[in-house]
Amino acid sequence: MKAKVTIRRGVVAKTLLWEFWRRGWLHFLIAQVANLGVSSIVYASLVRSGPLDVETGRTLHVVLLWIGFAASGGAALAAHGEPVRFFHLPVSNAGLAATMLFPGMVVVAAMYSITAGLLNALFGVAWPVAGPALFLAAALGAVQASATAAGTNRQARLAAWCLVGFLFERWLCALYGGGDLLSLKATWVTVTGRELFLIGTVVGIEFLVMMRSIARERRGDVALVLRIPWRPKRRRAKGDHLSRFRSSATAQFWFEWKQKGLILPAIFAVFAAFMIVGYVLNQFDNGEYELLHACLGFGIGLAPIALVAGLVLGHVDLPRRNADCDSFLAVRPATTAALSGALLKTEFASVLITWGFWCAAMAGSTTLLYADQGSEPVLDLWTHHGEAAPYLNVMGGWYAALVAGTCLVTTWTPLALATSLVLTGRQRLLIAVVASGLAVMLLCLMFSVWRAEGRLVVADAIWQCVVGIAAGIMTVSAFVMAARRGLIGWPTCGAALAGWMTLCGLAGSARLLVGSLEPAPLVLTAGLLALPVAPLAAAPLALAWNRHR
Amino acid sequence: MPDPFPSSAPPIIDIRRVTRKFDNNMALDDVTLSVPRGGVFGLIGGNGAGKTTLIKHVLGMLKAQSGTVQVFGLDPVQNPVGTLGRIGYLSEDRDLPNWMRVGELMRYTQAFFPSWDEAYAEELRVAFDLDNNAKVKTLSRGQRARTGLLVALAHRPELLILDEPSSGLDPVVRRDILGAIIRTIAEEGRTVFFSSHLLDEVERVADRVAIIHQGRIMLTASMDELKETHRRVTLRFNQSLDRAPLLVGTLSCAGEGPEWTYVCRGESEQLKRAAEAIGATVVGDASLTLDEIFVSRIQA
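Residues numbered from 1 in each chain as written. Chains lettered and ligands numbered in written order. Predicted model: local features only at pLDDT ≥ 70, side-chain atom pairs only at ≥ 80, totals over all residues.

Novice: Explain the domain arrangement of chain A to me, using residue names and the numbers behind them.
Specialist: According to the domain assignment, chain A consists of domain 1 (7-226), domain 2 (248-423) and domain 3 (460-549). Each of domain 1 of chain A and domain 3 of chain A has a C-alpha centre, and the two are 40 Å apart. (Domains from an automatic or database assignment.)

As structure tokens, this is what we get:
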């Protein structure tokens with residue numbers, strides 16, 4: 001007699017949703033913070049220059065929308081993972097396709113809506129909510145469906161994503177009245193029935209593609225694209241592998257670099273490719289000006305990018321997204337300082353390369369703009385529309401070095417500090433810091449807006465001294481704790497002191513040149529400049545806490 | 001035959017009164033254990049008994065909440081280089097980076113161990129039939145275990161720690177490779193400390209064992225001593241009995257009527273005298289397998 005098997009569809013769906021949420025909620029939180037952080041910093045810095053003109057506001061909105069999509073979409077894709085882990089479950093292909101598509105789409109739409117809602121409330125930027133949220137959901141579905149359709153081959157996936165990216169970029173431009181990404185003609189305020197139908201149709205197609213691809217994978221068939229030879233197989237001679245490392249430090253650097261080294265430069269490469277293609281294809285109204293403008297924007301944006309990158313790179317086992325110090329690394333016969341040092345060295349090299357590329361891009365786009373339009377627009381952009389003109393006037397050519405140096409320091413510091421935080425391997429601590437960071441950031445932004453509007457009067461000197469002294473105390477505490485536990489020695493402390501003094505000397509010289517020598521800003525600068533060296537102590541402390549639990 | 005555990009030699013692993021709690025779960029409860037230098041030491045216990053937690057303390061991956069852990073006379077948390085440089089470790093979950101190739105993993109590991117024996121590593125690679133260019137993620141469970149074993153062995157460690165080494169190996173490989181490696185290491189005067197819940201394997205290779213149960217060390221003894229002091233004796237009484245009379249050192253007892261079988265702690269002669277004292281005759285006396293000793297000790 002056959003026993004009747006009843007699958008409780010509701011329970012299965014709830015369970016799969018729960019699994020998705022468990023896998024991704026921390027990533028969602030981080031992505032949301034990153035979205036809000038980047039957008040808020042951009043708007044908070046612009047709010048002082050007065051209201052934005054409509055075109056600039058629209059361009060900014062669309063650019064930030066795509067940046068936000070990269071963060072939230074990445075988090076959603078990571079939470080979805082590969083469908084193969086569900087293949088043994090008694091769930092239909094349609095059920096799996098829905099599980100692998102819709103939760104991520106909802107998350108992306110919700111995250112955009114939260115960001116837009118908060119920015120509208122805080123800065124009055126008037127971002128449309130419903131239309132872009134639905135569009136981004138459909139875009140994520142396309143990314144997910146094309147990835148599953150392309151199979152596991154990286155090149156095939158990349159090609160599919162490029163195609164999807166291009167098509168959706170054109171579609172979004174059409175929804176914003178036509179034109180190019182940086183010169184859109186209208187804001188997409190209302191979603192018409194036709195647009196809604198089109199989005200629904202696209203989502204339907206994505207669902208069908210997903211379902212067919214899952215059915216194919218379940219059967220064990222190879223994706224069609226995988227039969228195409230993407231690259232000739234390199235024949236390896238017997239024993240053709242890595243030559244011997246000079247030391248354990250070199251080996252550990254190689255270990256970290258192979259996993260994490262190229263992530264930050266790759267982000268710049270994607271940005272650069274986008275800008276170069278846009279410039280070459282004449283996509284910008286004022287090509288050279290937009291190019292330099294975007295380069296400067298990227299330089300400012302490197303700090304939040306580095307912050308998010310630090311939260312990723314701090315994972316001890318990045319491929320498995322595991323922050324716990326696993327036994328493979330924990331049993332290396334190397335000191336904790338050496339292990340964390342290899343990671344910091346990797347990150348510094350990564351930052352240096354990215355920064356070098358950025359400097360080259362700045363030099364190139366400045367030269368192009370100067371050759372095309374003379375010095376006026378160049379100076380306008382380099383001095384942030386004249387705000388930093390006093391520095392340029394007294395420093396001359398050294399002003400470029402100040403800008404470049406500031407970019408280097410503001411990229412390195414959040415990257416290394418976020419890495420140190422994740423190196424603790426304590427998820428609860430990470431969540432607490434991220435959540436409180438978000439709260440503090442929002443408070444600071446509100447504080448800054450109120451001050452700009454004259455609604456709040458607090459002497460600058462007070463908060464500057466408080467922040468500066470707090471940063472200094474935290475850094476010194478980290479060094480004292482690390483030294484007392486024998487994690488770092490005098491050479492590291494000496495190097496950190498020398499580094500801090502050098503940075504203070506350079507910053508002080510710049511202030512001296514412009515005659516700005518009030519004590520409170522100096523205290524703030526000195527305190528904040530301790531943070532770039534803080535990871536020399538914080539990283540080994542954090543890893544020791546993770547390695548010896 | 002020389003005593004493999006000379007009492008005068010300092011222990012290679014010395015754990016004293018170590019306690020470890022994870023939230024409210026007591027993982028190790030006042031554990032004291034000495035592993036002598038040389039020989040093969042088996043740590044046996046059921047799933048969740050605390051074997052891996054104990055090994056993690058030995059490797060310095062967990063810090064003792066109370067008590068002390070010393071390996072080669074050093075604290076592995078304070079001195080990871082001094083201790084881990086002399087240890088070869090194969091983890092239970094074969095924790096290897098998937099993105100590396102076998103050859104890369106060998107080169108990478110070599111950089112940390114000055115005593116790495118290149119010829120021996122190559123010999124092991126060939127014996128284990130591992131391809132230098134194969135990525136770790138493409139290896140089967142058995143190959144992965146062999147790769148882990150290779151990098152744990154190739155620097156000829158003074159102390160080899162294997163956490164559940166058998167999982168993932170098929171019976172033939174398990175018997176041939178593991179047995180050979182453990183014996184070779186032991187014969188060179190090195191020490192093997194390994195955990196397992198597969199007791200036939202422990203019985204085959206270990207010279208000394210410790211039984212851990214619910215975070216407590218229940219027993220530590222040499223394998224010979226363990227077998228001599230745990231017996232199954234069958235007693236015949238003059239009359240039929242409803243309940244078996246108490247025999248000193250009884251761990252379990254079964255039977256009916258005049259004949260009862262006891263699993264006891266104690267040597268044959270002692271048990272014989274004890275049986276006579278309660279008016280019974282020993283009609284059967286046999287040693288126990290490690291499996292039987294373990295089960296009876298845990299159930300008792």
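Moving on, there is more to tell.
Novice: Any chance you could break down the pairing of strand 3 (residues 39-44) of chain B for me, citing the residues and the numbers?
Specialist: All names here are of chain B. Of all six residues in strand 3, six are buried; the element is thus mostly enclosed. Along strand 3, one buried face is formed by Gly39, Phe41 and Leu43 and the opposite face, lined by Val40, Gly42 and Ile44, is buried too. Two elements, strand 3 and strand 7 (residues 191-196), share six bridges in a ladder whose sense is parallel. Within strand 7, the residue paired with Gly42 across the bridge is Phe194. In this structure, strand 3 lies alongside strand 8 (residues 208-213), joined through four bridges in parallel fashion. In the strand pairing of strand 8, Gly42 is matched with Val209. (Buried ≥ 20, exposed ≤ 12 C-beta atoms within 10 Å, placed from the backbone. Helix = DSSP H or I, 4+ residues; strand = E, 2+ residues; numbered from the N terminus. Pairing = 2+ DSSP bridges.)

Novice: Describe in detail helix 8 (residues 263-280) of chain A, supporting the description with residues and values.
Specialist: Residue and element names in this part refer to chain A. Here helix 8 contains 18 residues, and its C-alpha end-to-end distance of 26 Å stays within 8% of the 26 Å for a straight helix at 1.5 Å per residue. By the burial criterion, the buried members of helix 8 are Leu264, Pro265, Phe271 and Met275. With its buried residues spanning 125° around the axis, helix 8 presents them on a single face. Away from its buried face, by an angle of more than 90 degrees, helix 8 presents the exposed residues Ala266, Val270, Ala273, Val277 and Val280. The elements touched by buried residues of helix 8 are helix 9 (287-313) and helix 11 (336-373). Where helix 8 terminates, the next one or two residues include Asn282, which has phi positive at roughly 60°. (Expected span 1.5 Å × (residues − 1). Arc of directions from axis to C-beta. Contact = placed C-beta atoms within 7 Å.)

Novice: Any details on the sheet that holds strand 10 (residues 230-241) of chain B? Residues and values, ideally.
Specialist: Residue and element names in this part refer to chain B. Taken together, three strands build an open sheet; the order of strands is 11-10-12 and the sheet is antiparallel. Both edges of this open sheet fall to strand 11 (250-265) and strand 12 (280-287), since each of them pairs with a single strand only. Neighbour-to-neighbour, the strand axes of the sheet open up by a mean angle of 25°, direction not taken into account. Note that strand 10 and strand 12 share seven bridges and pair antiparallel. Bridge assignment links Arg236 to a residue of strand 12, and that residue is Thr281. (Axes fitted to C-alpha atoms, helices over the stretch in contact; angles between N-to-C directions.)

Novice: Please provide a residue-by-residue account of unusual backbone geometry, values included.
Specialist: Positive phi outside glycine occurs at Phe72 of chain B, with the angle close to 55°. Along the polypeptide, Phe72 of chain B turns up in the loop between strand 4 (66-71) and helix 2 (80-84).

Novice: Pulling in residues and values, what's your account of the domain arrangement of chain B?
Specialist: Residue and element names in this part refer to chain B. Looking at the assigned domains, one finds that chain B contains domain 1 (13-223) and domain 2 (229-299). Each of domain 1 and domain 2 has a C-alpha centre, and these two points are 37 Å apart. Tallying the contact residues gives nine residues for domain 1 and six residues for domain 2. Secondary structure elements with two or more residues in the side of domain 1 that touches domain 2: helix 7 (199-205), strand 8 and strand 9 (216-222).

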